[in-house]
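Chain residues, written in single-letter form:
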Amino acid sequence: MPELSMPNKYKTILDIMHTDIAINEMKDHFEEGLSNALNLIKVSAPFVLHEGNGINDNLNGVERILTFDALDIKNKHIEVVQSLAKWKRITLSRYGLACDEGIYTNMNAIRRDEKLDNLHSLFVDQWDWEKVITKEQRNVDTLISEVKKIYSAIKSTERYMFEFHHLLTPVLPEDIHFITTQELEDLYPDLTPKERENVTAKKYGAIFIMKIGGALHSGEKHDGRSPDYDDWDLNGDIVLWNPLLECAFEVSSMGIRVDEKSLLKQLRLSKNENRKVLNYHKAVLEGKLPYSIGGGIGQSRLCMFLLKKAHIGEVQVSVWNDQIIEECEKRNIILL
């Protein structure tokens, strides 16, 4: 089981049937709030893509993408998506959306190399969103503004769930605190990145950790990021303090997307300059895609937090190893 602190005497607030009902209530309310706050329309999303066009997300660059061949598609392999960061930007262009207009979708993915614990599953479900901005809006003020809108939608959903289920007591602070990865390292140079997140999330209740992907003054990275979708100077994670699990709890990763300059820089720093010839990367470098901001918000993660669940398997159906199943039974954790 995970290295996280698990509750010793855990008892779920909602039984298995009422949990499923509450999941749908929560998702419907949050979707509406997100769509209204960010001016997004809902669109359909792919689960599989052609291999080799650069659209699939490489995440940290080490995860193995799930691929297969198909009887009626010759000479090409097919990939299961890992996220839709690049696909969404292409879709903005295809739909001809204007500045401050955007899309969101239900993204389902399989991440075969995920380390299974109470926060991580082979199955990933997110609200993936993307909206058009101008070149002049590629700045930290734009990033902060969108984060505040998303946090407001999360807070609204927390209050909404409390109205229907009075044991789901709200715990989130009024405001979210902004801090950079370098500021975290300067404050806590002797702690690991995860330990820094724990200390800071516990202090403020909700934080947005900015500038993820590049090397810090120590030469280490706070965390890895693919070089070809987020601008490492204009991105970050929404992290909440989870009082049940007593840990920092990431619910969203987002950022302003790379432009021509930042893409070249990050491909060089990550030693991935060979990607410049791929269709997506060429489109960015040639200015054929709109400038945009976007991200993913974990559906199961947010359900876990707002329904006060100890394991992600309590809010989604997935596959677990024998050790996790046995440990959950001991801890009175009912997996869907």
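Residues numbered from 1 in each chain as written. Predicted model: local features only at pLDDT ≥ 70, side-chain atom pairs only at ≥ 80, totals over all residues. Heavy atoms only, no water.

**Brief notes about the pairing of strand β6 (residues 123–132)**
- Among the ten residues that make up β6, nine are buried, leaving the element largely enclosed by the rest of the structure.
- The pairing of β6 with strand β11 (residues 292–298) spans seven bridges and is antiparallel. Bridge assignment links Trp127 to a residue of β11, and that residue is Ile297. (Buried < 20%, exposed > 50% of the residue type's maximum accessible area, 1.4 Å probe, protein only. Helix = DSSP H or I, 4+ residues; strand = E, 2+ residues; numbered from the N terminus. Pairing = 2+ DSSP bridges.)

**Comments concerning the UniProt feature "domain: Aminoacyl-transfer RNA synthetases class-II family profile" (unreviewed entry) in the protein chain**
- Those places that UniProt annotates as "domain: Aminoacyl-transfer RNA synthetases class-II family profile" (unreviewed entry) correspond, in this numbering, to residues 101–322.
- Between the C-alpha atoms that bound residues 101–322 the distance is 46 Å, and the span itself is 32% helix and 27% strand. (UniProt positions renumbered as here; feature names shortened; annotations may be inferred.)

**What about the packing of helix α1 (residues 16–38) against helix α3 (residues 140–164)?**
- Put simply, α1 and α3 touch, their axes get as near as 9 Å, and they point 150° apart. By the angle class used here, α1 and α3 are roughly antiparallel. Crossing of α1 against α3: the hand is right-handed. Facing Ala22, Glu25, Met26, His29, Phe30, Gly33, Leu34, Ala37 and Leu38 of α1, the residues of α3 in contact are Glu146, Lys149, Ile150, Ala153, Ile154, Ser156, Thr157, Tyr160 and Met161. (Axes fitted to C-alpha atoms, helices over the stretch in contact; angles between N-to-C directions. Parallel < 35°, antiparallel > 145°, perpendicular 65-115°, else oblique. Left-handed = near helix turned anticlockwise from the far one by under 90°. Contact = heavy atoms within 4.5 Å.)

**Thoughts on the sheet that holds strand β3 (residues 67–70)**
- Spatially, the three strands line up as an open sheet ordered β2-β4-β3, and their pairing is antiparallel. Among the strands making up the open sheet, the edge pair consists of β2 (48–50) and β3. If you compare each strand with its neighbour and ignore which way they point, the axes differ by 40° on average.
- Bridge analysis of β3 against strand β4 (residues 73–80) gives three bridges, and the strand direction is antiparallel. In the sheet register, Ala70 faces β4, and the bridge partner there is Ile73.

**Some details on a nonpolar patch on the surface**
- On the surface, a nonpolar cluster with roughly 370 Å² of combined accessible area is contributed by Ile16, Met17, Ile21 and Ile334.
- Relative to the helices and strands, Ile21 resides in helix α1.
- Judged by its relative accessible area of 39%, Ile21 falls in the partly exposed class. (Patch = residues over 30% accessible without salt bridge, like charges linked within 9 Å, V, L, I, M, F, W, Y side chains within 5 Å. Areas by Shrake-Rupley, 256 points an atom, 1.4 Å probe, with all protein chains shown as cover. Salt bridge = Lys/Arg side-chain N within 4 Å of Asp/Glu carboxyl O.)

**A short note on the sheet that holds strand β1 (residues 40–42)**
- Strand order in the open sheet formed by eight strands is β1-β5-β6-β11-β10-β9-β8-β7, and the pairing between neighbours is mixed. Strand pairing shows two members of the sheet lacking a second neighbour, β1 and β7 (177–180), which therefore form its edges. Here the average twist between neighbouring strands, direction ignored, is 25°.
- With five bridges connecting them, strand β10 (residues 247–257) and β11 associate as antiparallel partners.

**Regarding helix α6 (residues 260–269)**
- Where α6 is concerned, the buried positions are Ser262, Leu263, Gln266 and Leu267. The arc enclosing the buried residues of α6, seen along the axis, measures out at 130°, which places them on a common side.
- Considering only its buried residues, α6 is in contact with β9 (230–242) and α7 (279–285).
- Residue Asp259 occupies the N-cap position of α6, its side-chain oxygen lying 3.3 Å from the main-chain nitrogen of Lys261.
- Count one or two residues on from α6 and you reach Lys271, which has phi positive near 60°. (Arc of directions from axis to C-beta. Polar contact = N/O pair within 3.5 Å; in protein donor to acceptor, adjacent residues only side chain to side chain.)

**Points about the packing of α1 against helix α8 (residues 299–306)**
- The contact between α1 and α8 brings their axes to 10 Å, and the two run at 115°. When the interaxial angle is binned, α1 and α8 end up roughly perpendicular. The hand of the α1/α8 crossing is right-handed. Where α1 abuts α8, its residues Ile23, Met26, Lys27 and Phe30 lie against Gln299, Leu302, Cys303 and Leu306.

**Topic: the packing of aromatic side chains**
- With the rule as written, the count across this model stands at four aromatic pairs.
- With a centroid separation of 5.9 Å and an interplanar angle of 40°, the aromatic rings of Phe249 and Phe305 are classed as tilted. Placement of Phe249 in strand β10 and of Phe305 in helix α8 is noted, with a sequence separation of 56 residues between them. Like Phe249, the residue Phe305 is buried in the burial classification.
- The ring of Phe249 carries the charged tip of Arg301 above its face, separated from the ring centre by 5.6 Å. (Phe/Tyr/Trp six-rings, centres within 6.5 Å; stacked < 30°, edge-to-face > 60°. Lys NZ or Arg CZ within 6 Å of the ring centre and 35° of its normal.)

**Things to note about the nonpolar core**
- Counting 54 residues, the largest nonpolar core has Trp129, Ile150, Phe208, Ile238 and Met254 as the members making the most contacts within it.
- Broken down by element, this core gets its largest block of residues, seven residues, from α3.
- Judged by nonpolar contacts, the second largest core, of twelve residues, contains Val81, Leu84, Trp87 and Ala109. (Core = buried A, V, L, I, M, F, W, Y, C linked by side-chain atoms within 4.5 Å.)

**Quick look at the side chain of Ser318**
- Structurally, Ser318 is set in the loop between α8 and α9 (322–330).
- A distance of 2.8 Å separates the side chain of Ser318 from the side chain of Ser121, its partner in a polar contact.

**Quick look at the environment of Lys27**
- Tracing the backbone shows Lys27 in helix α1.
- Taking the C-alpha atoms as reference points, Lys27 and Gln299, separated by 272 residues in sequence, lie 7.5 Å from one another.
- Residues in contact with Lys27, not counting those within four places in the same chain, are Asp125, Trp127, Gln299 and Cys303.

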